[in-house]
Amino acid sequence: MSVVQREHQQHFPRPGWVEHDATEIWRNLSKIVPEALAQAGASAEQVVGLGIANQRETTVLWDRRTGVPVGRAIVWQDTRTDGMIEQLEKEPGAKRVRELCGLPLATYFSAPKIRWLLDQTPGLQERAERGEVLFGTIESWLIWNLTGGLHITDVTNASRTMLMNLRTLAWDPQLLAFFDIPHAMLPEIRSSTEVYGTTATVVPGIRIAAALGDQQAALFGQTCFAPGEAKCTYGTGSFLLLNTGQNLVLSTHGMLTTVGFKIGDEPAVYALEGSIAVTGSLVQWFRDGLELISSAPEIETLARTVEDNGGCYIVPAFSGLFAPHWHSEARGVIAGLTSYITKGHLARAVLEATGWQTREVVDAMNADSGLALSTLKVDGGMTADNLLMQFIADVLDVPVVRPMVAETVSLGAAYAAGLSVGYWPDLEGLRRNWHRAGQWQPAMSPARRDTEYAHWRQAVELTFGWMRPASGSRRPAGTDLIEVILDDHRRIEHLLRELRNEDADRAKVLAELSAMLTAHFTATERVLHRRTEISADLVSLSEQDLLALEETISAHIRDEERSLLNELRKSLSPSDRTALGRAFKAEQSRHLTPVQRFEAVVAHSVTARLPNG
Ligand SMILES: Nc1ncnc2c1ncn2[C@@H]1O[C@H](COP(=O)(O)OP(=O)(O)O)[C@@H](O)[C@H]1O
Ligand SMILES: O=P(O)(O)OC[C@H](O)CO
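Keep in mind that this is a model prediction, so the values were computed, not measured.

J.: Account for the overall build of the protein, naming residues and giving values.
T.: Each helix and strand counted, the protein has 21 helices and 18 strands in total. Whereas a compact globule of 613 residues would reach a radius of gyration of roughly 25 Å, the protein reaches 26 Å, a difference of no more than 12%. Of the contacts made within the protein by residues no fewer than 6 positions apart, 74% connect residues no fewer than 24 positions apart. The positive charge centre, built from 59 side chains, and the negative charge centre, built from 74, are 2 Å apart in the protein.

J.: So what's going on with the site of ligand 2? Which residues, and what values?
T.: As a matter of local geometry, ligand 2 sits amid Gln 55, Arg 56, Glu 57, Trp 76, Tyr 108, Asp 214, Thr 236 and Phe 239. Note that an oxygen atom of ligand 2 is positioned 2.9 Å from one of the backbone N or O atoms of Arg 56. Side-chain polar atom of Trp 76 to an oxygen atom of ligand 2: 3.0 Å apart, as the coordinates give it. Considering ligand 2 on its own, with 310 Å² of exposed area, one finds that the protein chains cover 85% of that surface. Here the shell around ligand 2 is built from residues that sort into three nonpolar, two polar and three charged.

J.: Could you give an account of the sheet that holds strand 13 (residues 269–276), naming the residues involved and the relevant values?
T.: Overall, mixed pairing links the seven strands, which are arranged 12-13-11-10-16-17-18 in an open sheet. At either end of the open sheet lies a strand with only one pairing partner, and these are strand 12 (256–261) and strand 18 (436–440). Recorded for the sheet is a direction-independent mean angle of 30° between the axes of neighbouring strands. Sheet analysis places strand 11 (residues 238–245) next to strand 13, joined by seven bridges and oriented antiparallel. Bridge pairing links Leu 241 to Glu 273 in strand 13. In the packing of helix 12 (residues 343–369) onto the sheet, contacts are made with strand 10 (230–234), strand 11, strand 13 and strand 16 (376–379), and the angle to strand 13 comes to roughly 145°.

J.: An account of the nonpolar core is requested, with residue identities and associated values reported.
T.: The nonpolar side chains of soluble globular proteins are, as a tendency, buried together. Residues Leu 163 and Leu 376 are the most contacted members of the largest nonpolar core, which totals 114 residues. If you tally residues by element for this core, the top one is helix 12, at eleven residues. Other than its neighbours up to four places away in sequence, Leu 163 contacts Ala 111, Ile 114, Ala 170, Trp 171, Asp 172, Leu 175, Leu 176, Phe 179, Ile 181 and Leu 186. Counting 19 residues, the second largest nonpolar core, distinct from the first, contains Ile 25, Ile 52, Trp 141 and Ile 143.

J.: Outline the packing of helix 12 against helix 16 (residues 446–463), supporting the account with residue identities and numerical values.
T.: Two elements in contact, helix 12 and helix 16, have axes whose closest approach is 11 Å; the angle formed by their N-to-C orientations is 95°. Put simply, helix 12 runs roughly perpendicular to helix 16. Each of Glu 352, Ala 353, Trp 356, Gln 357, Arg 359, Glu 360 and Asp 363 in helix 12 lies in contact with helix 16, whose residues at this interface are Arg 449, Glu 452, Tyr 453, Trp 456 and Val 460.

J.: Please give an account of the sheet that holds strand 2 (residues 50–54) that cites residues and values.
T.: Sheet architecture is open: three strands sit in the order 2-9-8, paired in mixed fashion. Every other strand in the sheet has two partners, leaving strand 2 and strand 8 (193–198) as the edge strands with one partner each. Direction aside, the axes of adjacent strands within the sheet are offset by 35° on average. Bridge count for strand 2 against strand 9 (residues 207–213) is five bridges, and the pairing is parallel. Residue pairing in the sheet places Gly 51 in a bridge with Ala 210 of strand 9. Here helix 6 (residues 138–147) sits on the sheet and contacts strand 2, strand 8 and strand 9; the angle it forms with strand 2, its principal contact strand, is near 145°. Across the face of the sheet, helix 9 (residues 214–221) comes into contact with strand 2 and strand 9 while running at roughly 105° to strand 9.

J.: If you had to explain the pairing of strand 11 to someone new, which residues and values would you point to?
T.: Burial runs high along strand 11: eight of the eight residues are buried. Burial along strand 11 is two-sided: the residues Ser 238, Leu 240, Leu 242 and Thr 244 and Phe 239, Leu 241, Asn 243 and Gly 245 are all buried. By the bridge criterion, five bridges tie strand 10 to strand 11 in an arrangement that is antiparallel. Note that in strand 11 the partner of Lys 231 across the bridge is Leu 241. Connecting strand 10 to the next strand, strand 11, in antiparallel fashion are three residues.

J.: For the site of ligand 1, give the residues involved together with the corresponding values.
T.: Neighbouring residues of ligand 1: 14 residues in total, closest Thr 236, Gly 280, Pro 297, Gly 381 and Asp 385. At 2.8 Å from an oxygen atom of ligand 1 is found a main-chain nitrogen or oxygen belonging to Gly 381. Its free accessible area being 580 Å², ligand 1 has 71% of it covered by the protein chains. For the shell around ligand 1, the element with the highest residue contribution is helix 10 (residues 280–289), accounting for four residues. Each residue belonging to the shell around ligand 1 can be placed in one class, and the counts come to six nonpolar, seven polar and one charged.

J.: Can you tell me about the environment of His 327, naming the residues and giving the values?
T.: Among the secondary structure elements, His 327 is positioned in the loop between strand 14 (313–315) and strand 15 (333–335). By relative accessible area, which is 10% here, His 327 ends up buried. Considered as a pair, His 327 and Thr 258 are 69 residues apart in the sequence and their alpha carbons are 20 Å apart.

J.: Talk me through the UniProt feature "domain: Carbohydrate kinase FGGY N-terminal" (unreviewed entry) in the protein; I want residue IDs and the actual numbers.
T.: Those residues carrying the UniProt feature "domain: Carbohydrate kinase FGGY N-terminal" (unreviewed entry) are residues 2–221 in this numbering. The span residues 2–221 shows a helical share of 36% and a strand share of 16%, and its end C-alpha atoms are spaced 17 Å apart.

J.: So what's going on with unusual backbone geometry? Residues and values would help.
T.: A cis amide bond links Ala 323 to the next residue, Pro 324, at an omega of -5°. Tracing the chain through its elements places Pro 324 in the loop between strand 14 and strand 15. Residue Leu 169 is not a glycine yet carries a positive backbone phi of 60°. Its place among the elements puts Leu 169 in the loop between helix 7 (155–158) and helix 8 (173–179). Even without being glycine, Thr 223 reaches a positive phi, approximately 55°. Structurally, the position occupied by Thr 223 is in the loop between helix 9 and strand 10.

Thresholds, definitions, all that
Residues numbered from 1 in each chain as written. Chains lettered and ligands numbered in written order. Predicted model: local features only at pLDDT ≥ 70, side-chain atom pairs only at ≥ 80, totals over all residues. Heavy atoms only, no water. Helix = DSSP H or I, 4+ residues; strand = E, 2+ residues; numbered from the N terminus. Rg over C-alpha atoms; globule rule 2.2 N^0.38 Å. Contact = heavy atoms within 4.5 Å. Lys, Arg positive; Asp, Glu negative; His and termini not counted. Charge placed at Lys NZ, Arg CZ, Asp CG, Glu CD. Near = heavy atom within 4 Å. Polar contact = N/O pair within 3.5 Å; in protein donor to acceptor, adjacent residues only side chain to side chain. Areas by Shrake-Rupley, 256 points an atom, 1.4 Å probe, with all protein chains shown as cover. Nonpolar A, V, L, I, M, F, W, Y, C, P; charged D, E, K, R; others polar. Pairing = 2+ DSSP bridges. Axes fitted to C-alpha atoms, helices over the stretch in contact; angles between N-to-C directions. Core = buried A, V, L, I, M, F, W, Y, C linked by side-chain atoms within 4.5 Å. Buried < 20%, exposed > 50% of the residue type's maximum accessible area, 1.4 Å probe, protein only. Parallel < 35°, antiparallel > 145°, perpendicular 65-115°, else oblique. UniProt positions renumbered as here; feature names shortened; annotations may be inferred.

Structural data, given as structure tokens:
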């Protein structure tokens, strides 16, 4: 076996934004494939097949003609679409989404990221409709480049886009309409194991024989081929997958339903998944953000300098909270701080956060499946940490088992490719390759486990609602300038969508939208820019006028949220924000009828969620 790796840059241009440069990923791949072959002393002719496993959901759009990405890829952890998700949740079709694709509406998946990118550049939607701009997750982008233009994806990756129907395994017209995403930009969906094509570059002439999302690849590499078998991979995030066979189980406890794998023409095998956004990346933050350690393994050494967490808990809701909570608006907390806490306690709290998040997911998975997990098969970079593995066994109260090859993601891709080209005859042969290398037995007392878990859950509740403060919290409801402007934006976006909805009372929508726009622009000019002579009058605009202005209005909203609001956040004191918020509302009210004012207030009170609601 030879292993070559190369890190690519993580871009964090704003709070909550995470981007990758798809071209850099492709360049890195072009370098490491020949290096891996050279290290193994193998020639291209000796390679029977290439398997790809990739981070999922991360969204790349590129130009079909030039092959150049239209911008940076939006990564799965990115939360920039949280406002969009909040709006989409109110749409009539929202309830059907989960039923069709098995996923809750969340910033995590590809569809909102595609929508955001299409909204970002004028004309991109039309180019996507003509098939001039293409979408793909990372495996799709790599296969396109390796083959010189084959535009495909595998079914496991497609199942993470929110656009694939889990039953038909095809792009779903209702989901495409819900997100307004053109079919012409999507790749063809193929099985996880089949020969898709042959490499035309890097190392030409190799058959590309398998592709799987990384977590599904780990399920395969851990040989969880039968219903009831599960694994958890501990990397940047952590992902527990339970094979449910040909049964498509829709979770009632916050798990995702996803495709586990599809071998050639055989029926798809489904899985329930508990996705945890932040585990290893919390260790990275401790290393790079806080600079309290200089390498990831040092977290264990530091944590061992103290007996316990000293009463401190870290809930890393950096990307909101994923399974089982699905709170996009949550943000992280460090709870239980006293002057007793040292960096050793913080290191413990970092590791324990991974343990407790696993416990929450396992509880939910057990509730969904009606079965209690009896052992947990683990893999991934964090499993090198013995203290963490012991803690996971303690909080789950089941043994934790690690196989010989902890790089299970790559192993799974290799297994799938080997199976696809007949190098391995069947799944049973692969199963025989699995060997246990480490095992941790639970040792925590039930009383301590229960007390600690109760503290953890208390800390988790503190994270809820952070990005949507409850009415009556920090500032008087509805008078904070930024909230007032954001509420206006969301209402305007909703009304614009309603204007295209054939079932809506469009005359009423038109009247409210024109009045809202007049009120919003006038208040912005008068209160924020102090231009007293300005008064917008958009009330006489027709439906066609407004639809023609839609892109301009969306661009204004984006610009205002990106530049003006961020400047105001920095420059205004809380009391200024309240005073200006009041002035803004007063100015705005002058342009709305009492009924329109009432409707805007009702829309606002639906948006403002209670902290743990
Ligand atoms: N000894 C360790 N203790 C805790 N975390 C670790 C340790 N070694 C690596 N990690 C974490 O594991 C992650 C790397 O694991 P890996 O499986 O390579 O992740 P990915 O495939 O998601 O990039 C990093 O986030 C790193 O912080
Ligand atoms: O960033 P990675 O490589 O841990 O990818 C994790 C998953 O694919 C996200 O769903």
